[in-house]
Amino acid sequence: MNANPRDVLSGTHYIDGDVASGFGALAAGCKFIAGYPITPSTEAAEAFARVAYKGNAMFIQMEDELASVSAVVGAVWSGVKSMTITSGPGYSLMMETFGFAAMLETPMVLLNIQRGGPSTGVPTKTGQADIMQSRWGSHGDYEIIAFAPESPQELFDYTVKAFNLAERYRCPVMIMSDECVGHMTEKVVIPAADRIEIEPRRFFKGQPGQYSPFKPDDDLVPPMAKAGDGYNLYISGRAHNDQGMPYTNEEFKLRCIRRLVDKIKKNKEKIIELREENTKDAEVVVVAYGISSRVAVRGIELAREKGIKVGQLRLVTIWPFPDERIAELSQTAKAFVVPEINYGQIAFEVDRCAHGRSNVVLVPHGGAGVHNPDDICDAIEYAVKHKEPLEGVHEYKTRLERKVFEEKMRIAE
Amino acid sequence: MEAVKTTAAHEIHPMENVLRMDRIPHIWCPGCGIGIAVTAFAAALEKANIDLNKVAIVSGIGCTGRVAGYVKLDSFHTTHGRAIAFATGIKVASPDMKVVVFSGDGDLIAIGGNHFIHAARRNIDMLVVCVNNFIYAMTGGQVAPTTPLAAYATTCPFGCVEPPFNIPYLADSSGAVYVARWTALHVRRLTNSFVEALNKKGLSVVEVISPCAQYYSRINRLGDGLDMMRFYHDNSEIRHGEDTKNLDIGFQQKIIMGKFVDRERPSYTDRYQDWLKQRKVGM
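Residues numbered from 1 in each chain as written. Chains lettered and ligands numbered in written order. Predicted model: local features only at pLDDT ≥ 70, side-chain atom pairs only at ≥ 80, totals over all residues.

Caption draft 1: Focus on the overall build of chain B. In terms of helices and strands, chain B carries 9 helices and 10 strands. For a compact globule of 283 residues, the expected C-alpha radius of gyration is about 19 Å, and chain B comes in at 19 Å, within 12% of that figure. Based on the C-alpha atoms only, the size of chain B along its principal axes is roughly 65 × 55 × 35 Å. Buried residues in chain B amount to 54% of all 283 residues. (Helix = DSSP H or I, 4+ residues; strand = E, 2+ residues; numbered from the N terminus. Rg over C-alpha atoms; globule rule 2.2 N^0.38 Å. Buried ≥ 20, exposed ≤ 12 C-beta atoms within 10 Å, placed from the backbone.)

As structure tokens, this is what we get:
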């Protein structure tokens, strides 16, 4: 199905990533966004609030993030596509209801424009430290889908895609962008509506009385219904059977959770999106995502100038994780270099999938800025020269890290 | 679960239209007032002359949080404290729905207190039923923001030192258009209030004072459910239109009941639609 022309602001825009995501939501057919202002995500909410009327959609500013995400889940169950927008502390506040949405198999989208943390951290500057939180942030077992766009154009494109996958797999989908991309202003081309593919909600078509909200089709995904259609839905965050009725015994719990996990795991190949360059004969593969993947391009260029065979694997989806592809690459590559704006999150996933066959070098960054490409180049050089197997993930110290550390030593002396 | 098989007309439960009979027996303890509140609500649904297919009921967590599971409507059993926020999403995104939040004092007034006052301020068109049993009962009798001063609870073994919220006053001052309070003994009046509130445009709050014969009663030595009902009988007074400031509930003190607020204010959705029209947005 194509997008509704009313929802699509077709044309060439010069806008930031936040605004692009707001426009993407509208194009995807989002009719309701509830949010709470938080830097650096607010512009996405403002953009949607400004243009929502064009698509007969609306924005409501709730009293906090708990309310925002809860209202979104409610709106989805009333039949409309919905999203919430947040960052940092707001993201932490949303975690419980995010797990609730996963349990209810609610198709919704959450945009996180990551900032520096923990706590208030550095509100106006970038970070990539919520990656594991996006995977494990709510209590209990569930699988999720998360994207890490690297440009305003991708924030538009993957906001649309996030809505599509949310509907396809009936699950919450996260867009894990960061302040750099969110506040970066670039050319964004919004195509004509007939060039934008939209996944409509798969509504149950049978009679009331026959509908089981959690009874899956063959693809493990149950069709949706909405309030107001006479199905007498019973939708609960408790572990439930196919009819939605709560049960506490082991067998029902197993069935309920197993499918939440399997419907994503078994469709991994269809969900995962990667971009690869020169990985075929690479001695070193740089694994990066979001803004770090754009910074890494220069680091890789510098390393190639020095004659090192280095390729890049960019994670467009960060969850589900491409275990198989990393394992394959570990057969040929000597090492992986993982620059990320945190102290090691995806690097440990890479190490897990490399099964000890390749070294993994993490280039950490404390946040509030991006990597210096020279550091990435140095880490690549280090990785290629270091022939012995490294114990676990090796943390490569950046220039800044060394400078700060050495200064501290001097003061101590 | 297999539905209850009924053969003869007299075996059909009079509220089968609005209750999920296959979920009965319910989980509430003997002497509890929540079932009474649900019965009154079910009766009101039938009297209110509304399309039941367009009614959604949202509960939070706790004993009263289980109500959604027994009412044959589109039912949502949400996270702790977020019932009103969830319901706001339904109502704002789909204004043709009639939305009822049915939850307890802990859920709505403690963890969900912020949503309670903001929904009232916005005047979201919904009915909020707050069953107040003065205690956290599902978790075994801990102090609530409604526990009367000096009453005992497991987490205040020397008596509650915190003054409780006066729910009607909170609702009134935050902007609710309809505010009433009844005890679980006053079923007929409670039912009438539900009917009125269901037909009211804007945010209505109906507080139902309910016995908790297991936890609140036991730790405070108040006898069984029937004893608590007797207490309501002897110690409650109807004062319609009473200033909500005067509705504090002291430990084993007189309970003032009645309809306190019934006024008109434009609801969130109506105002939003009006302003789109007035400002010719998108036309």
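Caption draft 2: Main features of the environment of A:Gly290. Residues and elements named next belong to chain A. Structurally, Gly 290 can be placed in the loop between strand 12 (284-288) and helix 10 (291-305). Considering only alpha carbons, one finds Gly 290 and Ile 341, 51 residues apart in sequence, at a separation of 9.8 Å. Among all residues touching Gly 290, those that are not within four sequence positions of it are Gln 128, Ala 148, Pro 149, Glu 150, Ser 177, Asp 178 and Val 181. (Contact = placed C-beta atoms within 7 Å.)

Caption draft 3: Fine view of the pairing of strand 3 (residues 58-61) of chain A. All names here are of chain A. The pairing of strand 2 (residues 30-35) with strand 3 spans 4 bridges and is classified as parallel. Within strand 3, the position partnered with Gly 35 by the bridge is Gln 61. With helix 2 (residues 42-51) bridging strand 2 and its parallel neighbour strand 3, the resulting β-α-β unit is right-handed. (Pairing = 2+ DSSP bridges. Right-handed = clockwise from strand over helix to strand, strands pointing away.)

Caption draft 4: Broad picture of the nonpolar core. Of all hydrophobic cores here, the largest spans 222 residues; its most connected members are A:Val284, A:Val286, A:Val337, A:Val338, A:Ile380 and B:Val129. If you tally residues by element for this core, the top one is helix 1 (residues 34-47) of chain B, at 10 residues. When residues of this core are assigned to domains, at least three fall in each of domain 1 (5-195) and domain 2 (276-410) of chain A. If we ignore the near neighbours within four places in the chain, the residues touching A:Val284 are A:Ile308, A:Val310, A:Ala333, A:Lys334, A:Ala335, A:Val337, A:Ile380, A:Ala383 and A:Val384. (Core = buried A, V, L, I, M, F, W, Y, C linked by C-beta atoms within 7 Å. Domains from an automatic or database assignment.)

Caption draft 5: Inspection of the interface of chain A and chain B at higher detail. Listed as interface residues are 36 residues of chain A and, on the opposing side, 31 residues of chain B. Mapped by element, the contributors of at least two residues to the side of chain A that touches chain B are strand 2, helix 3 (65-77), helix 4 (88-103) and strand 10 (234-236) of chain A. Ranked by residue count, the leading element in the side of chain A that touches chain B is helix 3 of chain A, at 9 residues. Within the side of chain A that touches chain B, the residues separate by chemical class into 19 nonpolar, 11 polar and 6 charged. Pairing of strand 10 of chain A with strand 2 (residues 74-77) of chain B involves 3 bridges; the strand directions are parallel. Within the sheet, the bridge partner assigned to A:Ile235 lies in strand 2 of chain B and is B:Phe76. (Nonpolar A, V, L, I, M, F, W, Y, C, P; charged D, E, K, R; others polar.)

Caption draft 6: Molecular detail of the sheet that holds strand 7 (residues 178-183) of chain B. Strand order in the open sheet formed by 9 strands is 10(A)-2(B)-1(B)-3(B)-4(B)-8(B)-7(B)-10(B)-9(B), with mixed pairing between adjacent strands. The two strands at the open ends of the sheet, each matched to only one other strand, are strand 10 of chain A together with strand 9 (236-238) of chain B. The mean inter-strand angle of the sheet, taken between neighbouring strand axes irrespective of direction, is 15 degrees. Here strand 1 (residues 55-59) of chain B pairs with strand 2 of chain B via 4 bridges, running parallel. Across the sheet, residue B:Ser59 finds its bridge partner in strand 2 of chain B, namely B:His77. (Axes fitted to C-alpha atoms, helices over the stretch in contact; angles between N-to-C directions.)

Caption draft 7: Just the sheet that holds strand 11 (residues 274-277) of chain A, in detail. All names here are of chain A. With mixed pairing, the 6 strands of this open sheet are ordered in space as 11-13-12-15-16-17. Two strands lie at the open edges of the sheet, namely strand 11 and strand 17 (393-395), each paired on one side alone. In this sheet, adjacent strand axes meet at a mean angle of 25 degrees when their direction is disregarded. The pairing of strand 15 (residues 335-340) with strand 16 (residues 359-364) spans 6 bridges and is parallel. What sits directly across from Ala 335, in strand 16, is Asn 359. Running at roughly 175 degrees to strand 13 (residues 310-315), helix 10 makes contact with strand 12, strand 13 and strand 15 of the sheet. Relative to the sheet, helix 12 (residues 346-354) contacts strand 12, strand 15, strand 16 and strand 17, its axis offset from that of strand 15 by approximately 165 degrees.

Caption draft 8: Representation of the environment of A:Val310. All names here are of chain A. Relative to the helices and strands, Val 310 is located in strand 13. For Val 310, a count of 30 C-beta atoms within 10 Å translates into the label buried. Sequence spacing of Val 310 and Val 76 is 234 residues, and the spatial spacing of their C-alpha atoms is 45 Å. Here Val 310 is in contact with Ala 282, Glu 283, Val 284, Val 286, Ile 300, Ala 303, Arg 304 and Ile 380, once residues within four sequence places are set aside.

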